[in-house]
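Remarks on the overall topology
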Amino acid sequence: MLRHPLDFKAYFFDLDGTVYLGKKPLPNVRETLKTLRAMGKQLLFLTNDASLSRENIAAKLLKMNIAVTPEEIINPSSIAIRYLSQHSHLSPLFVIGEGDLTSDLIHAGVALSQDPAQIRSVLVSTDHHFNYRKLKIAFDAIRNGAIFLATNADRTYPTQKGDENPDAGAIIAALEACTGRRLDILLGKPATFMAELALETVNLPPEECLLIGDNPETDIRMGNQAGIATALVRGGLTMNHKSFGAEETPTYLLNNVADLLGYI
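To keep things clear, this report deals only with the structure shown in the data block. Sequence order as written defines residue numbering, which begins from 1 separately in each chain. Thresholds applied to this predicted model are a pLDDT of at least 70 for local features of residues and 80 or more for the giving and counting of side-chain atom pairs; totals over whole chains, interfaces and linings are not thresholded and use all residues. Side-chain descriptors were evaluated using all non-hydrogen atoms of the structure, hydrogens and water having been removed beforehand.

1. A short note on helix H1 (residues 29-38)
To keep it simple, the criterion reads: Summary of the burial criterion: residues with accessible area below 20% of their type's maximum are buried, those above 50% are exposed, and those between are partly exposed, where the area comes from a 1.4 Å probe applied to protein chains only. Helix and strand definitions follow DSSP, with helices as H or I runs of at least four residues and strands as E runs of at least two, each counted in order from the N terminus. By arc we mean the arc of the directions from the helix axis to the C-beta atoms, nothing more. Two residues form a contact once any of their heavy atoms are found within 4.5 Å.
Turning to H1, its buried residues are Val 29, Thr 32, Leu 33 and Leu 36. The arc that holds every buried residue of H1, seen down its axis, measures 95°, which confines them to one face. In H1, the exposed positions that point more than 90 degrees away from the buried face belong to Lys 34 and Ala 38. Elements in contact with the buried residues of H1: strand E1 (10-14) and strand E4 (42-46). Among the residues trailing H1, Gly 40 stands out with phi positive, at a value near 85°.

2. Some remarks on the environment of Gly 262
Along the chain, Gly 262 turns up in the segment after strand E14 (252-254). Once the C-alpha coordinates of Gly 262 and His 4 are considered, the two residues, 258 residues apart in sequence, prove to be 9.7 Å apart.

3. Looking at the nonpolar core
As a reminder of what qualifies: By nonpolar core is meant a set of buried Ala, Val, Leu, Ile, Met, Phe, Trp, Tyr and Cys residues that side-chain atoms within 4.5 Å join together.
Membership of the largest hydrophobic core comes to 32 residues, with the highest contact counts inside it found for Phe 12, Leu 46 and Leu 105. Residue assignment for this core shows that the elements contributing at least two residues are E1, E4, helix H3 (76-86), strand E6 (93-96), helix H4 (101-107), helix H7 (193-202) and strand E12 (209-213). For this core, the element with the most residues is H7, which contributes six residues. Ignoring any residue separated from it by four or fewer positions in sequence, one finds Leu 46 in contact with Phe 12, Phe 13, Asp 14, Leu 15, Ile 74, Lys 189, Met 194, Ala 198, Leu 211 and Met 222. In terms of nonpolar packing, the next biggest core, distinct from the first, is built from 28 residues, Phe 45, Ala 231, Val 233 and Val 257 among them.

Printed below as a string of structure tokens:
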């Protein structure tokens, strides 16, 4: 018998397309999160967006009247920092990214370089200013043996206008095409690094947690691979999926996050 979605102890929410679009919260999100907190549930927020630090994501949510602490957010920077601290031979690092990603890494003591002869790993993320110069540095470094990492491999991300923009997957494809090398390690969803850290943070087994997201290829696949029940929010990126593969099939289908409270 299918478990009721309110019977879990912890809830892992995707952000963009699930909690908000752009700078606007999605309908009934605030009320749903408040209700879950009042019920004593643990909440975490998992995002593939590496452009904002955890502190700035929390500030963005607060402007939407959604109170979240930085410690309740797991973003690609925190996963990258954790991974690189365990694999020190991957520094210096060359970053293709934007926003807070580089400053987060520097603050954590990760050594960076733009010299292909020194670079030991290349980290690809969303970058609206990706250009030939960055491509060439990464190309030379990877050809020299640098490890090829990415914060996420999303092909697109949803916009506030209801359409989609190219994401880091396009940059990964460009580097794979010119270097002849496939991506070595994916740090963000659907890889399970983020799910593993989330489970450590709430100190619960996978069967006591529910992951809610709008992207079958990243959110749902990661949850399923980690043994976590999943809820797919319809709309946004879901509209382009008419059917789901085994790894992308959610436990629950929701019209919006508020359906958690009145699930039938």
